[in-house]
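Structural features, examined
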Amino acid sequence: MKHTLLLTTLSCLSLGCTSLQGRTPDADAASDAGGAVVDRPDARGGALLGAVDTTLRWTWPIGVTAGAARRDAAGRLLLSAGVADGLERDLAIAHLMPSGGTGALPGADAAGFVRVQARQGMGRLASVPRAMALDRQGRVVVAGSGLVAGRRYGLVARWLADGALDAGFGTGGFVVIEAPTGAPARDVVLRAVVAEDDGAIVVAGGDALPLNRSTVGVYARLLADGAIDRSFGGVTVDARFAAFSALVRDGSGYALAGDGTVAGAPMVLYVGADGRA
């Protein structure tokens, strides 16, 4: 029964049904205003239960791509976003107030966003948030993608419980994930994230093929400091999937849901604690 329920719920997410993020996996445009969809304060990401907060109305500033929202243990509603800066766009979080404005966070700009300027090589990434989770320490994890020089990279950033950027994570607060050497595609777009109790982070998404733009599934585990967990298999590509769009902890392993490459049929992949199916 557990697997049946999991399959049904995750398949809905993979097909773009209204999810806890309040948007379909590929939505890049922000809504002008509306109620935020949030999960339980203790959720580590990939949660399946939530409720719409219809009391909140907040108009996105020009140049902001709204991502997922989560309530932290203190009851604050935190929004992940892509915030334009000229021709670039940074991953960011903000504290949304019931009044419709933004609350103060350490290091926030005038609009209330705490940004991370992610880079790959010599280029600054134009970033889009697609998933969000909070770990047991209250740290905020945002996963998505960043575009530079015509190539998309997986992108993970982390903020401390007080909202300040976690400079000890990866490179100044962010980690860039590339397709593994020899993979049939070069682009990585992360769409789901789970934050573990020990600080590790599991992410999943799609890897776009450069010729026909079809996709294959990608997943990886990061250690608490942001390093790729090689004991989990590094960055793994599964060509049976077009992309993974949902991810949950399932016992000692994980369940990843997405559209299969055969006729786009929804599928669920179970992997163990070592990352193997």
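All values reported here derive from a predicted model rather than from experimental measurement.

**With respect to the overall build of the chain**
What the chain contains, in helices and strands, is one helix and 20 strands. In the chain, the share of contacts with a sequence separation of at least 24, taken over all contacts with a separation of at least 6, comes to 50%. Counting only carbon and sulfur atoms, one obtains 56% of the accessible surface of the chain, whose full area is about 11700 Å².

**Notes on the pattern of salt bridges**
In this structure the tally under the stated criterion is 14 salt bridges. Residue Arg 124 pairs with Asp 85 through a salt bridge whose shortest N-O separation is 2.8 Å. Here Arg 124 is found in strand 9 (residues 123–124), whereas its partner Asp 85 is found in strand 4 (residues 77–85), with 39 residues between them in sequence. Given a relative accessible area of 15%, Arg 124 falls into the buried group. Among the salt bridges present, the one from Asp 135 reaches Arg 139, with a minimum N-O distance of 2.7 Å. Side by side, Asp 135 and Arg 139 carry an identical accessibility label, which is buried.

**So, the sheet that holds strand 20 (residues 266–271)**
One open sheet accounts for three strands, arranged 18-19-20; its pairing is antiparallel. In this open sheet, the two edge strands, each paired with only one partner strand, are strand 18 (241–250) and strand 20. Each neighbouring strand pair of the sheet contributes to a mean axis angle of 25°, computed without reference to strand direction. Bridging between strand 18 and strand 19 (residues 253–260) involves eight bridges; their strand directions are antiparallel. In the strand pairing of strand 19, Phe 241 is matched with Gly 260.

**Some words on the confidence of the model for the chain**
Counting all residues, the mean pLDDT for the chain is 79, and 76% of those residues have values of 70 or more. Note that pLDDT drops below 50 for residues 1–50; the model gives that stretch 120 contacts with residues more than four away or on any other chain.

**Section: the packing of aromatic side chains**
What describes a pair of aromatic rings is the distance from one ring centre to the other and the angle between the planes of the rings. According to the stated counting rule, one finds four aromatic pairs in the structure shown. Between Tyr 219 and Phe 244, the aromatic rings sit 6.0 Å apart at their centres with planes inclined by 70°, giving edge-to-face as the arrangement. Remark: Phe 244 occurs in strand 18 and Tyr 219 occurs in strand 16 (residues 215–222); sequence separation between them is 25 residues. Using a relative accessible area of 4% as the deciding quantity, one classes Tyr 219 as buried. The class for Phe 244 is buried, based on a relative accessible area of 0%. Taking the centre distance of 4.5 Å and the plane angle of 40° together, the rings of Phe 241 and Phe 244 count as tilted. The structure contains a cluster of three or more aromatic residues connected by ring pairs, namely Tyr 219, Phe 232, Phe 241, Phe 244 and Tyr 254. In this structure, Arg 249 packs its charged tip against the face of Tyr 254, placed 4.6 Å from the ring centre.

**A closer look at the pairing of strand 11 (residues 140–148)**
Here strand 11 lies mainly inside the structure; eight of its nine residues are buried. Looking at chain direction, strand 10 (residues 126–134) and strand 11 are connected through eight bridges and run antiparallel. Bridging from a neighbouring strand, Ala 131 pairs with Ala 143 of strand 11. From the end of strand 10 to the start of strand 11, which pair antiparallel, there are five residues, and Gly 138 there has a positive phi angle of about 85°. When strand 11 meets strand 12 (residues 151–159), the two strands line up antiparallel, connected through nine bridges. Among the inter-strand pairings, Gly 146 is bridged to a residue of strand 12, identified as Tyr 153. Linking strand 11 to strand 12, which pair antiparallel, is a turn of two residues; within it Ala 149 sits at a positive phi near 55°.

What counts, and at which threshold
- Residues numbered from 1 in each chain as written.
- Predicted model: local features only at pLDDT ≥ 70, side-chain atom pairs only at ≥ 80, totals over all residues.
- Heavy atoms only, no water.
- Helix = DSSP H or I, 4+ residues; strand = E, 2+ residues; numbered from the N terminus.
- Contact = heavy atoms within 4.5 Å.
- Areas by Shrake-Rupley, 256 points an atom, 1.4 Å probe, with all protein chains shown as cover.
- Salt bridge = Lys/Arg side-chain N within 4 Å of Asp/Glu carboxyl O.
- Buried < 20%, exposed > 50% of the residue type's maximum accessible area, 1.4 Å probe, protein only.
- Pairing = 2+ DSSP bridges.
- Axes fitted to C-alpha atoms, helices over the stretch in contact; angles between N-to-C directions.
- pLDDT = per-residue confidence, 0-100.
- Phe/Tyr/Trp six-rings, centres within 6.5 Å; stacked < 30°, edge-to-face > 60°.
- Lys NZ or Arg CZ within 6 Å of the ring centre and 35° of its normal.

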